[in-house]
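Chain by chain, the residues run as shown.
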Amino acid sequence: MNPLRLKAIVRKELYHLIRDYRSLYLAFAIPLLLIILFGYALSLDVDHIKTVVADYDKTALSRDFVGKLSASPYFDIVAGLDSSGQIADYLDHGDVSVAIVIPPDFTKNIGADREAQMQVIIDGSDPIFAGAVRGYLTAFIESYNSKLLASFLNRQGLTTIKPPVDGRIRIWFNEDLESRNFILPGMIAIIIMIVGAMLTSLVIAREYESGTMETIKSLPIHAGELLLGKAIPYFFIGFANVLIAMLLGQVLFGVVMKGSFWLMILATSLYLVCAVSLGLLISSVTKSQLMANQAAVMLTYLPSLLLSNFVFPIINMPIVLQWVTYLVPARYYIDILVGVYLRDIGLSYLGPDMVVLGCMCLVMIALNYLMLKKEGL
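Remember, predicted model here, so these are calculated numbers, not experimental data.

Cut-offs and rules
Residues numbered from 1 in each chain as written. Predicted model: local features only at pLDDT ≥ 70, side-chain atom pairs only at ≥ 80, totals over all residues. Heavy atoms only, no water. Helix = DSSP H or I, 4+ residues; strand = E, 2+ residues; numbered from the N terminus. Rg over C-alpha atoms; globule rule 2.2 N^0.38 Å. Buried < 20%, exposed > 50% of the residue type's maximum accessible area, 1.4 Å probe, protein only. Contact = heavy atoms within 4.5 Å. Areas by Shrake-Rupley, 256 points an atom, 1.4 Å probe, with all protein chains shown as cover. Core = buried A, V, L, I, M, F, W, Y, C linked by side-chain atoms within 4.5 Å. Salt bridge = Lys/Arg side-chain N within 4 Å of Asp/Glu carboxyl O. Pairing = 2+ DSSP bridges. Axes fitted to C-alpha atoms, helices over the stretch in contact; angles between N-to-C directions. Patch = residues over 30% accessible without salt bridge, like charges linked within 9 Å, V, L, I, M, F, W, Y side chains within 5 Å. Right-handed = clockwise from strand over helix to strand, strands pointing away. Phe/Tyr/Trp six-rings, centres within 6.5 Å; stacked < 30°, edge-to-face > 60°. Lys NZ or Arg CZ within 6 Å of the ring centre and 35° of its normal. Expected span 1.5 Å × (residues − 1). Bend = angle between axes of the 7 residues up to and from the residue.

Considering the overall build of the chain
Scanning the chain from terminus to terminus reveals 15 helices and 4 strands. Expected size for 377 residues packed as a compact globule is a radius of gyration near 21 Å; at 29 Å, the chain overshoots this value by more than 25%. Principal-axis analysis of the C-alpha atoms places the extent of the chain at approximately 95 × 45 × 40 Å. Relative to its full complement of 377 residues, the chain shows a buried share of 43%. If you take every contact in the chain between residues at least 6 apart in sequence, the share linking residues at least 24 apart comes to 78%. With an accessible surface of roughly 20,600 Å², the chain has 64% of that area assigned to carbon and sulfur atoms.

Points about the nonpolar core
Formed by 84 residues in total, the largest nonpolar core has its most connected members in Ile-188, Met-264, Tyr-333 and Tyr-341. The next biggest cluster of nonpolar side chains, apart from the first, holds 16 residues, and it includes Val-53, Leu-61, Phe-65 and Leu-137.

Examining the pattern of salt bridges
Within this structure, the stated rule accounts for 5 salt bridges. Among the ionic pairs, Lys-12 bridges to Glu-207, the shortest N-O distance being 2.6 Å. Linking Lys-12 in helix α1 (residues 3–19) with Glu-207 in helix α8 (residues 203–210), this pair joins segments that are 195 residues apart in sequence. We classify Lys-12 as partly exposed; its relative accessible area is 40%. The class of Glu-207 is buried, set by a relative accessible area of 3%. The partner of Lys-230 in a salt bridge is Glu-207, and the shortest N-O contact between them spans 2.5 Å. Taken together, the positions of Lys-230 in helix α10 (residues 223–253) and Glu-207 in helix α8 put the pair 23 residues apart, joining distant regions of the chain.

A short note on the sheet that holds strand β3 (residues 98–102)
The strand order across the open sheet formed by 4 strands is β2-β1-β3-β4, and the pairing between neighbours is mixed. The open sheet has two free edges, formed respectively by β2 (75–81) and β4 (119–122), since each of these has just one partner strand. Taking each pair of neighbouring strands and ignoring which way they run, the sheet shows an average axis angle of 20°. In terms of strand pairing, β3 meets β4 through 4 bridges, oriented antiparallel. From the neighbouring strand, Ile-100 faces β4, where its bridge partner is Val-120. The strands touched by helix α3 (residues 60–71) within the sheet are β1 (49–55), β2 and β3, with β2 carrying the most contacts at an inclination of about 140°.

What to know about a nonpolar patch on the surface
On the surface, Ile-319, Val-320, Leu-321, Trp-323, Val-324 and Tyr-326 cluster together into a nonpolar patch covering about 620 Å² of accessible area. Checked against the element boundaries, Trp-323 lands in helix α13 (residues 319–324).

Structural notes on the pairing of β1
Most of β1 sits inside the fold, with 6 of its 7 residues counted as buried. Once the chain exits β1 it traverses α3 before rejoining the sheet at β2, and the crossover so formed is right-handed. Note that β1 and β3 share 5 bridges and pair parallel. Bridge assignment links Thr-51 to a residue of β3, and that residue is Val-98.

Describing the side chain of Asn-241
Locating Asn-241 in the fold gives a position in helix α10. Accessibility expressed as a relative area gives 3% for Asn-241, which makes it buried. Sequence-distant contacts of Asn-241, defined by excluding residues within four places in its chain, comprise Ala-27, Phe-28, Pro-31, Ile-191 and Val-195.

Notes on the packing of aromatic side chains
Counted under the stated rule, the structure contains 11 aromatic pairs. Relative to Tyr-136, the ring of Tyr-74 lies with its centre 4.3 Å away and its plane at 25°, an arrangement referred to as stacked. Placement of Tyr-74 in the loop between α3 and β2 and of Tyr-136 in helix α6 (residues 127–155) is noted, with a sequence separation of 62 residues between them. Given the relative accessible area of 34%, Tyr-74 is considered partly exposed. Here the aromatic rings of Trp-172 and Phe-173 are separated by 6.0 Å at their centres, their planes lie at 80°, and the arrangement is edge-to-face. On the basis of relative accessibility, which here comes to 36%, the residue Phe-173 falls in the partly exposed class. A connected cluster of aromatic rings, assembled from ring pairs, spans Phe-65, Phe-140 and Tyr-144. Its end group placed over the ring of Tyr-326, Arg-331 keeps NZ or CZ at 4.2 Å from the ring centre.

What about the environment of Leu-91?
Relative to the assigned elements, Leu-91 resides in helix α4 (residues 87–92). Taking the C-alpha atoms as reference points, Leu-91 and Ile-282, 191 residues apart in sequence, are found 48 Å from one another. Contacts of Leu-91, omitting those with residues within four sequence positions, involve Val-96, Ser-97, Val-98, Ile-121 and Asp-123.

Quick look at α10
Spanning 31 residues, α10 covers 44 Å between terminal C-alpha atoms, matching the ideal 45 Å at 1.5 Å per step. Where α10 bends most, at Ile-232, the angle is about 30°, and the proline Pro-233 comes one to four residues later. Downstream of α10 by one or two residues, Gly-254 has phi in the positive range, about 70°.

Functional significance is not addressed by these values, which are geometric in nature.
See the structure below:
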């Protein structure tokens, strides 16, 4: 490999990037926009659930129940209704997600040691959200029941009965259950695919469309030199985007890396090489910028977003898609990101993911080399 020829190819690609401001815009502006947009707008946390209450009882006990529910960080009482007939209007317009109806004999039944019923209506148009709301409401009602039982026994001069099982739940790694602590590291994998794969998917196809590929074939340039020269600028652009994303995540959103920074750098380098090589392979195969761009979206961006355990859990997917996810590099990189950012685990645990990424890099580089050798380079 001749350093002078390699330098000339890198310089040519850099000149093209400087002249084509749209590529630079795509390389820097869109990743920054994604970090800010996903950081502020995308949240998987279920809190501040809008709730309406129709209280027919209007006693101190029913008001105490509503007050404690409103004091919870998970529920916001937006209105108190005079009639349950108004509930349908609130739910139909999407103004609230939960409606609670307290019957007129609520306090009377509790005072008489009878079961007191209460109607809870949840908007189930989003089943995941509705399931979380149901869990929060169940836990709240059980807690309220326990307090009522303890108060009753105290008035009777009896000892509170301890339950046979005392479950004490402790959250590890993401104690506050903040979804952005997982979303922002996962966005780094998406950014790398946008910069590394989608941009490089155009570079060789552009040479074919402009007719300069025939000129390149006539020059004393080897396939490895062309691949490396085309890849280097996008590798460093992708690396710069990763560092910017890490800085923005810490400054704007307080997402701090708990593990080794250098392990993160090593994993990012492998993933960047894999992404850039995949983009170059798509470019070599399609030979058309339009086809290359569409193929890059289908083969890099969408699988990284949907089949990487980032947004949708792999364990809930059909078995066929679960097998397909083993071919998605983002699956292994996001696993490393979670380990470094949240779990603070080292190479002894993340080593298998690193090895898989390294093998994928070698396979992509070999396929690119064979494609260019087939074209006569």
